[in-house]
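Working through the structure, step by step
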Amino acid sequence: MTTQILIAGFGGQGILFSGKFLAYEGLIEGKELSWLPSYGPEMRGGTANCSVILSDTKVGSPIVLNPDVLIAMNGPSLDKYENETVSGGKIFVDSSLITRKVERSDVEAYYIPATKMASDEGLTGLANMIILGHAIKKANLVPYENIEKAMKKLVPPKKQHLLEPNLRAIELGYNY
Amino acid sequence: MSHEKVLMKGNEALAEAAIMAGCHHYFGYPITPQTEVAAYMSKRMPKIDGGVFLQAESEIAAINMVIGVASTGKRVMTSSSSPGISLKSEGLSYLAGCDLPALVVNVQRGGPGLGGIQPSQSDYFHATRGAGHGDFHMIVLAPDSVQEMVSLVFHGFDLAEKYRMTTMILSDGTMGQMMEPVSLDMGEIKQYDKPWALTGTKCERKPNIVNSLYLQPEELEKRNFERYEKYKLIEETEPMFEEYKMEDAEVCIAAFGVAARVSQNAIDEARKQGIKVGMIRPITLWPFPKKAFASAAEKVKSFVSVELSMGQMVEDIELSVRCKRPVLLCNRAGGMIPTTQNVLDKIIEASKL
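All values reported here derive from a predicted model rather than from experimental measurement.

Secondary structure assignment for chain A yields six helices and six strands. Put simply, chain A runs from its N terminus to its C terminus through helices and strands in the order β-α-β-β-β-α-β-β-α-α-α-α. The C-alpha atoms of chain A give a radius of gyration of 15 Å, which matches the 16 Å a tight globule of 176 residues would have. The principal-axis extents of the C-alpha atoms in chain A amount to approximately 40 × 40 × 35 Å. Burial status across chain A gives 55% buried among its 176 residues. For chain A, the proportion of contacts with a sequence separation of at least 24, taken over those separated by at least 6, is 56%. As displayed, chain A offers around 7700 Å² of accessible surface, 52% of which is attributable to carbon and sulfur atoms. Of the charged side chains in chain A, 18 are positive and 19 negative; the average position of the first set lies 5 Å away from that of the second.

Structural data, given as structure tokens:
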């Protein structure tokens, strides 16, 4: 089984970081995986995206063109990748930043006001983890019990104060 | 380092592997998409006894610093991306002329000129044919995973010292930026005698001289012929490649680096449609695995070269198979990467020949 995940939004939204969370979780599970960022000036405010592939077999191309799971954190990303998502795939939309609905009927669409929830809960900047938490639950990306382990591996020792808010953000999305 | 796998970018894993392989001297200059190599070195080298990280004033300065350290017999490397590698070309020729071992990394981006910053393989000709002026070769290694990036750094330093020449790791933006699980435990480092190295005579021997200037043409010709004897030996003994589903293949894909990864998907897809297709993935681009392609030409009906360039390796395949079989090209350029569908379409075309 291979799951191709594409996370897309603005630079600065933590797109690459949430992709890294999935990669670290895959590492803990001993899965084959790849993580590939868009790189260059996108990091500084343009559109950013991150391809993550989790698989039981050796990963071929690390580039996700047709995601099984799309996480869209801004309008342009949904416009760009909605039609690329595989039939039967799942699309997660930050409904506080994207006003329109998913137009396709052959995919499952999930809406979560992640950015608004983040600011309401004092978790500004962690909308990425809120929407990821929701995707983890609805698309069955990660076993619940591995979330904390993966996060501990991902957050470096010097930044341990970020562990709790990140976990809280994932939890918030997971239970939405 | 333990056997436990860690997640690293190709660029970072390459840098760590170089340090583990005993390279404690790094000279470079930042350029996308290679900058993580230099950034990693800048953090790690100061923590190593005798470790040197130096951001030079230019790529040209960096390669000349490499020549300096290499002439003392210490392991040394530099890295850059395509436009920066062009600047290093003079130094690459001098390294060859002086018979010095060094590791040079090219994390390729689109060209020519400043080009773009997205991945490319369009420096294949530069690496395998024209790295600088004069008659010379570099050993050119092309990893297709982060794990192989690590093993080829070890192997690259080993080959460089064994043959006293430059090894180039020909990476690309995708390979450099991608993270994959990687094990950093690579075992022992082979030691080679370096009687030629400039280590100080201590008044106990005649001075060694490292030089590439020979004003007597007879002498220079002799050096070139000797060097080409060495190249011949390397061409016979050092080619590396990996085969994928070639047992019953009627179409043979040739691809390296990220193109090989995309091709793997396309082959799996084509096999589902009943097309017998496999792949020969050159790991050494020079020496090119000519024999593998020549013997494949006896079995398959056509070849497809998948490249992120206007078609460069395709010429080596045609030469290897002596044009006995058609060699098609499936390519994107300028920072674009062939899709699985692009490759699949070309496989279908090749299977109908």
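Don't stop here, the text continues.
Bringing the interface of chain A and chain B into the picture now. Listed per partner, the contact involves 22 residues of chain A and 24 residues of chain B. Across the chain A/chain B interface, buried area totals approximately 1800 Å², and carbon plus sulfur atoms make up 65% of it. Looking at the side of chain A facing chain B, the largest losses of area belong to A:Leu27, A:Trp35 and A:Tyr39, adding up to 34% of the total buried there. Connecting chain A to chain B are one salt bridge.

Another point: the sheet that holds strand E7 (residues 166-172) of chain B. Within a sheet, each strand pairs with its neighbour through backbone hydrogen bonds, oriented either parallel or antiparallel. Residues and elements named next belong to chain B. Strand order in the open sheet made by the seven strands is E3-E2-E4-E5-E7-E6-E12, with mixed pairing throughout. Bordering the open sheet on either side are strand E3 (52-55) and strand E12 (284-286), each of which pairs with just one other strand. Across the sheet, the mean angle from the axis of one strand to that of its neighbour is 20°, orientation sign disregarded. Of the strands in this sheet, strand E2 (25-28), E3, strand E4 (76-80) and strand E5 (102-108) are in contact with helix H3 (residues 59-70), which crosses E4 at around 165°.

Turning our eyes to something else, we now look at the nonpolar core. Soluble globular proteins tend to pack their nonpolar side chains together in the buried interior. Core analysis: the largest hydrophobic core is formed by 114 residues, its most contacted members being B:Met77, B:Ile253 and B:Phe303. It is helix H6 (residues 146-163) of chain B that provides the largest number of residues to this core, a total of nine residues. Judged by nonpolar contacts, the second largest core, of 47 residues, contains A:Cys50, A:Ala150, A:Met151 and A:Val155.

With that settled, the discussion passes to unusual backbone geometry. The residue after B:Thr32, namely B:Pro33, is reached through a cis peptide bond having omega 5°. Assignment of secondary structure puts B:Pro33 in the loop between E2 and helix H2 (35-44). For A:Asn140, which is not a glycine, the phi torsion comes out positive at approximately 55°. Looking at where A:Asn140 falls in the secondary structure, it is placed in the loop between helix H4 (127-138) and helix H5 (147-154). On the accessibility criterion, A:Asn140 (67% relative accessible area) is exposed.

To continue, consider the pattern of salt bridges. All names here are of chain B. For the structure shown, the criterion picks out 32 salt bridges over all chains. Residue aspartate 99 pairs with arginine 227 through a salt bridge whose shortest N-O separation is 2.9 Å. Of this pair, aspartate 99 sits in the loop between helix H4 (82-97) and E5 while arginine 227 sits in helix H8 (residues 217-237), placing them 128 residues apart in sequence. A residue is classified by how much of its surface remains accessible, and arginine 227, at 7% relative accessible area, is buried.

Along the polypeptide, A:Asn166 turns up in helix H6 (residues 163-174). Under the relative-accessibility criterion, A:Asn166 is labelled buried at 5%.

Residues and elements named next belong to chain B. Judged by pairing direction, the sheet is mixed, and its five strands sit side by side in the order E9-E11-E10-E13-E14 without closing on themselves. Only two strands of the sheet have a single neighbouring strand rather than two, namely strand E9 (241-244) and strand E14 (327-331). Each strand of the sheet is rotated relative to its neighbour by a mean of 20°, with strand direction disregarded. Two strands pair when backbone bridges link them, and strand E10 (residues 251-254) and strand E13 (residues 302-307) are joined in this way by four bridges, in the parallel orientation. Considered in E13, the bridge of cysteine 252 is made with phenylalanine 303.

All names here are of chain B. It is at 8 Å that the axes of helix H1 (residues 10-20) and H6 come closest, and there the two elements cross at 30°. Considering the relative orientation of H1 and H6, their crossing is right-handed. Residue-level contacts link Gly10, Ala13, Leu14, Ala17, Ala18 and Met20 of H1 to Val146, Met149, Val150, Val153, Phe154 and Phe157 of H6. Grouping the constituent residues of the contact of H1 with H6 by class yields 11 nonpolar, one polar and no charged.

Quick look at the domain arrangement of chain B now. Residues and elements named next belong to chain B. What the domain assignment reports for chain B is domain 1 (6-201 + 225-237) and domain 2 (242-351). Taken together, the 32 residues of domain 1 in the interface contact 28 residues of domain 2. Both sides of the domain 1 and domain 2 interface together cover about 2400 Å² of buried area, and 56% of this is carbon and sulfur. It is Gln121, Tyr124 and Asp144 in domain 1 that bury the most area against domain 2; as a group they hold 29% of the surface buried on that side. Counting the contacts that link domain 1 with domain 2 gives five salt bridges. Its salt-bridge partner being arginine 261, residue glutamate 180 comes within 2.7 Å of it at the nearest N-O pair.

Residues and elements named next belong to chain A. Between the first and last C-alpha of helix H1 (residues 15-28) there are 21 Å, a value that for 14 residues agrees with the 20 Å anticipated at 1.5 Å per step. With 10 of its 14 residues buried, H1 lies for the most part within the structure. For H1, every residue scored as buried is listed here: Ile15, Ser18, Gly19, Phe21, Leu22, Ala23, Tyr24, Glu25, Gly26 and Leu27. Positive phi appears at glycine 30, one or two residues downstream of H1, with a value of about 75°.

Here we take up the environment of A:Gly89. Looking at the element boundaries, A:Gly89 is found in the loop between helix H2 (75-81) and strand E5 (90-94). Those residues in contact with A:Gly89 that sit more than four places away from it in its chain are A:Asp68, A:Asp106, A:Val107 and A:Glu108.

What counts and what doesn't
- Residues numbered from 1 in each chain as written.
- Chains lettered and ligands numbered in written order.
- Predicted model: local features only at pLDDT ≥ 70, side-chain atom pairs only at ≥ 80, totals over all residues.
- Heavy atoms only, no water.
- Helix = DSSP H or I, 4+ residues; strand = E, 2+ residues; numbered from the N terminus.
- Rg over C-alpha atoms; globule rule 2.2 N^0.38 Å.
- Buried < 20%, exposed > 50% of the residue type's maximum accessible area, 1.4 Å probe, protein only.
- Contact = heavy atoms within 4.5 Å.
- Areas by Shrake-Rupley, 256 points an atom, 1.4 Å probe, with all protein chains shown as cover.
- Lys, Arg positive; Asp, Glu negative; His and termini not counted.
- Charge placed at Lys NZ, Arg CZ, Asp CG, Glu CD.
- Buried area = accessible area lost by both parts, 1.4 Å probe.
- Salt bridge = Lys/Arg side-chain N within 4 Å of Asp/Glu carboxyl O.
- Pairing = 2+ DSSP bridges.
- Axes fitted to C-alpha atoms, helices over the stretch in contact; angles between N-to-C directions.
- Core = buried A, V, L, I, M, F, W, Y, C linked by side-chain atoms within 4.5 Å.
- Left-handed = near helix turned anticlockwise from the far one by under 90°.
- Nonpolar A, V, L, I, M, F, W, Y, C, P; charged D, E, K, R; others polar.
- Domains from an automatic or database assignment.
- Expected span 1.5 Å × (residues − 1).

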